[in-house]
Amino acid sequence: AQSVTQPDIHITVSEGASLELRCNYSYGATPYLFWYVQSPGQGLQLLLKYFSGDTLVQGIKGFEAEFKRSQSSFNLRKPSVHWSDAAEYFCAVGLLSGGYNKLIFGAGTRLAVHP
Amino acid sequence: NAGVTQTPKFQVLKTGQSMTLQCAQDMNHEYMSWYRQDPGMGLRLIHYSVGAGITDQGEVPNGYNVSRSTTEDFPLRLLSAAPSQTSVYFCASSPRQGKNYGYTFGSGTRLTVV
């Protein structure tokens, strides 16, 4: 069955430090891949997406992600974290099923940022 | 451009009551879907629609009904609320295909069933 795994439930980093959030998926073909961010009490905002082509994808707020087919991974990175990046981050896979592209989400990684 | 609008933002129901969560989008998106979010479980798909008049079940459809009479609206109905339906509900919409494919989410409805 298709699944998305985010191995880290909680991550704490210092402001200005680099960040990498991990995401692994289980799917036979190359899926559509997404990263969303959710601030407390808010909806989900799309950070970036990968469909095909260049495996390094740039997103909003200085985030990037790299698709690695051999590792079935789509890790999210940011070179220097800001306090405002504290939020929950969700990786998602877009799967074609019955003619419909539906999203399967990971359980999320909650990021805390120390000043 | 409002995006995806959900109402109400908060709701408390008694067990057995019914209610409708409203969702509207003004982006002319073909795809619409409802998710519920529970701690440690990410978001799970309840129902989805690929266009007006067409709906289907997601992962966790039991206890919920949907209909889609227009492109813009996709209401979610709770038939007889149960405490297990206490959750945060998100509506999302997306274009069908192409480079703009990707879901836009509403701000959510926090539902408590007592």
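Scroll up to find the structure.
We now turn to the structure provided with this report. Small disclaimer: the values here were computed from a predicted structure and weren't measured.

It is worth spelling out the overall build of chain B at this point. When helices and strands are counted, chain B shows zero helices and 11 strands. Each helix and strand of chain B, ordered N terminal to C terminal, gives the series β-β-β-β-β-β-β-β-β-β-β. The C-alpha radius of gyration of chain B comes to 13 Å, within 12% of the 13 Å expected for a compact globule of 114 residues. Principal-axis analysis of the C-alpha atoms places the extent of chain B at approximately 40 × 30 × 25 Å. With 114 residues in all, chain B has 48% of them scored as buried. In chain B, the share of contacts with a sequence separation of at least 24, taken over all contacts with a separation of at least 6, comes to 54%. A total of about 5200 Å² of accessible surface is found on chain B, and carbon and sulfur atoms cover 50% of it.

Scanning all chains against the criterion turns up 15 aromatic pairs over all chains. Every member of this aromatic cluster is reached through a ring pair, and the members are Tyr 32, Phe 34, Tyr 36, Phe 51, Phe 90 and Phe 105 of chain A together with Tyr 35, Phe 90 and Phe 105 of chain B.

Here the focus is the interface of chain A and chain B. With 20 residues of chain A at the interface, the matching set in chain B holds 26 residues. Together chain A and chain B conceal approximately 1800 Å² of surface at their shared face, both sides included; 55% is due to carbon and sulfur atoms. At the surface where chain A touches chain B, the tally comes to zero salt bridges. Of all the elements in the fold, those that place two or more residues in the side of chain A that touches chain B are β5 (32-38), β6 (44-50) and β11 (100-105) of chain A. Per-element tally for the side of chain A that touches chain B: the top contributor is β11 of chain A, with six residues.

Moving on, we get to the pattern of salt bridges. Scanning the entire structure with this criterion turns up seven salt bridges over all chains. Close ionic contact of Asp 38 of chain B with Arg 36 of chain B constitutes a salt bridge, the shortest N to O distance being 2.9 Å. According to the relative accessible area criterion, Asp 38 of chain B is buried, its value standing at 10%. A single network of salt bridges, built from pairs that share partners, joins Glu 64, Glu 66 and Arg 77 of chain A.

Of the pockets and cavities examined, the largest pocket occupies roughly 530 Å³. Every residue lining the largest pocket is counted, 29 residues in all, and those nearest its centre are Gln 38 and Gly 41 of chain A together with Gln 37, Val 88 and Arg 110 of chain B. When contributions to the lining of the largest pocket are tallied by element, the ones reaching two or more residues are β10 (87-97) of chain A together with β9 (87-94) and β11 (109-113) of chain B. Residues of the lining of the largest pocket, tallied by class, amount to 10 nonpolar, 14 polar and five charged.

The next point concerns the nonpolar core. Counting 28 residues, the largest nonpolar core has Leu 19, Trp 35, Leu 47, Leu 48, Phe 74, Leu 76 and Tyr 89 of chain A as its most contacted members. If you list the elements that add at least two residues to this core, you get β2 (10-14), β3 (19-21), β5, β6, β8 (64-68), β9 (73-78), β10 and β12 (109-114) of chain A. When residues in this core are grouped by element, the largest group, five residues, is from β10 of chain A. Apart from residues lying up to four places away in sequence, Leu 48 of chain A is in contact with Leu 33, Phe 34, Trp 35, Val 57, Gln 58, Gly 59, Phe 63, Glu 64, Ala 65, Phe 74 and Leu 76 of chain A. Ranked by size, the runner-up nonpolar core spans 20 residues in total, among them Tyr 36 of chain A together with Val 50, Val 88 and Tyr 101 of chain B.

Residues and elements named next belong to chain B. Following the sequence through the fold, Asp 56 ends up in strand β6 (residues 54-57). Judged by its relative accessible area of 40%, Asp 56 is partly exposed. For the pair formed by Asp 56 and Arg 110, sequence separation is 54 residues and the distance between their alpha carbons is 23 Å. The contacts of Asp 56, once residues within four sequence positions are left out, are His 47 and Tyr 48.

On to the sheet that holds strand β3 (residues 19-25) of chain B. All names here are of chain B. The strand order across the open sheet formed by four strands is β1-β3-β8-β7, and the pairing between neighbours is antiparallel. Every interior strand has two partners, whereas the edge strands, β1 (4-7) and β7 (64-66), have only one. Mean inter-strand twist for the sheet, computed between neighbouring axes without regard to direction, equals 20°. Here four bridges tie β1 to β3, and the two strands are oriented antiparallel to one another. What sits directly across from Thr 5, in β3, is Ala 24.

Conventions and cut-offs
- Residues numbered from 1 in each chain as written.
- Chains lettered and ligands numbered in written order.
- Predicted model: local features only at pLDDT ≥ 70, side-chain atom pairs only at ≥ 80, totals over all residues.
- Heavy atoms only, no water.
- Helix = DSSP H or I, 4+ residues; strand = E, 2+ residues; numbered from the N terminus.
- Rg over C-alpha atoms; globule rule 2.2 N^0.38 Å.
- Buried < 20%, exposed > 50% of the residue type's maximum accessible area, 1.4 Å probe, protein only.
- Contact = heavy atoms within 4.5 Å.
- Areas by Shrake-Rupley, 256 points an atom, 1.4 Å probe, with all protein chains shown as cover.
- Phe/Tyr/Trp six-rings, centres within 6.5 Å; stacked < 30°, edge-to-face > 60°.
- Buried area = accessible area lost by both parts, 1.4 Å probe.
- Salt bridge = Lys/Arg side-chain N within 4 Å of Asp/Glu carboxyl O.
- 1 Å grid on protein atoms, 1.4 Å probe; cavity = no way out; pocket = protein on both sides within 12 Å on 5 of 7 lines; lining within 4 Å.
- Points joined across faces, edges and corners; volume = space filled by probe spheres on them.
- Nonpolar A, V, L, I, M, F, W, Y, C, P; charged D, E, K, R; others polar.
- Core = buried A, V, L, I, M, F, W, Y, C linked by side-chain atoms within 4.5 Å.
- Pairing = 2+ DSSP bridges.
- Axes fitted to C-alpha atoms, helices over the stretch in contact; angles between N-to-C directions.

Everything listed here is a matter of coordinates, which is why it stays silent on function.
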